[in-house]
Amino acid sequence: MIVKEYLAIATIMFWPVIPLFWTPVHFAPGFFRKLGIFTYIMPLFTWVPVAYLIFLNRDFFMNYRIDLHFIVNGIGMMLFVLGTVLHIWTARLLGILGIIGVPEVFSKIKEGLVMTGPFSIVRHPTYLAHTLMFSGVFLMTGVKAVGMLTVIDLIVMNTVIIPLEERELLRRFGEEYQQYKRNVPFRVFPWIH
């Protein structure tokens, strides 16, 4: 396997942590606050088996490709790098506790609402970073599973995860979050409400 193929299979393997961990945590924050630290054991039973099955079947996922022009591959590389830089930037702003969801799981840990940097342009720049990275991996590799995953991620993110996360942020920050939403009307993509 070449580096691009490893990147494609890693993308396919790691994505399920989003619906298998973050969706339940945002859907039932009270339950996961009661579980506390045990919340972080949940991926061992949900995500790890799925990731392992994907890895075992990696040849199947890698067999279906689109042959893309090298210019498209280059655009993919740029999108991947841009998404990675944005993800690192948002992770630095949120801090390690914020990026792994500790304030959502432990009500005693208070983190302030981050409204600077990319958060001053879109409310969910981490999801924008994921979209850029997934799109970039697809354009670099032409692996159809990554392309489908990118579309599925956009749908799940916009219809399930972000509404649940915003409900939880509103509960945590109240009027401060309402004002932030008025000041930053764009969820993920600048200029798209």
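Placed above this text is the structure.
The structure displayed is predicted, hence computed values, not measured ones.

Draft legend 1. Structural context of helix H5 (residues 47-56). The set of residues buried in H5 consists of Trp-47, Ala-51 and Ile-54. One side of H5 carries all its buried residues, which in axial view fall inside an arc of 60 degrees. Exposed side of H5, more than 90 degrees from the buried face: Tyr-52 and Leu-53 are the residues found there. Of the surrounding secondary structure, the elements contacted by the buried residues of H5 are helix H1 (3-14), helix H2 (17-27), helix H4 (42-45) and helix H6 (58-63).

Draft legend 2. Representation of the packing of helix H10 (residues 144-173) against helix H11 (residues 175-183). Relative to each other, H10 and H11 sit at 130 degrees, their axes nearing to 6 Å. As judged from the angle between their axes, H10 and H11 are oblique. Here Glu-166, Leu-169, Leu-170 and Phe-173 of H10 lie close against H11, whose contacting residues are Glu-175, Glu-176, Tyr-177, Gln-178 and Lys-181. Of the residues assigned to the contact of H10 with H11, the class counts are 4 nonpolar, 1 polar and 4 charged.

Draft legend 3. Just the packing of aromatic side chains, in detail. According to the stated counting rule, one finds 7 aromatic pairs in the structure shown. On the basis of an interplanar angle of 75 degrees and a centroid distance of 5.5 Å, the ring pair of Phe-60 and Phe-61 is categorised as edge-to-face. By relative accessible area, which is 49% here, Phe-60 ends up partly exposed. Taken together, the ring pairs in this structure connect Phe-21, Trp-22 and Tyr-40 into an aromatic cluster. In this arrangement the basic side chain of Arg-58 is found over the ring face of Phe-55, its NZ or CZ atom lying 4.0 Å from the centre.

Draft legend 4. Highlighting the pattern of salt bridges. All chains considered together, the criterion is met by 7 salt bridges. Taking the shortest distance from any N to any O, the salt bridge between Glu-166 and Arg-123 comes out at 2.7 Å. Taken together, the residues Glu-166 in helix H10 and Arg-123 in the loop between helix H8 (102-105) and helix H9 (125-141) connect sequence positions 43 residues apart. Of the two residues, Glu-166 and Arg-123, both sit in the buried class.

Quick notes on the rules
Residues numbered from 1 in each chain as written. Predicted model: local features only at pLDDT ≥ 70, side-chain atom pairs only at ≥ 80, totals over all residues. Heavy atoms only, no water. Buried < 20%, exposed > 50% of the residue type's maximum accessible area, 1.4 Å probe, protein only. Helix = DSSP H or I, 4+ residues; strand = E, 2+ residues; numbered from the N terminus. Arc of directions from axis to C-beta. Contact = heavy atoms within 4.5 Å. Axes fitted to C-alpha atoms, helices over the stretch in contact; angles between N-to-C directions. Parallel < 35°, antiparallel > 145°, perpendicular 65-115°, else oblique. Nonpolar A, V, L, I, M, F, W, Y, C, P; charged D, E, K, R; others polar. Phe/Tyr/Trp six-rings, centres within 6.5 Å; stacked < 30°, edge-to-face > 60°. Lys NZ or Arg CZ within 6 Å of the ring centre and 35° of its normal. Salt bridge = Lys/Arg side-chain N within 4 Å of Asp/Glu carboxyl O.

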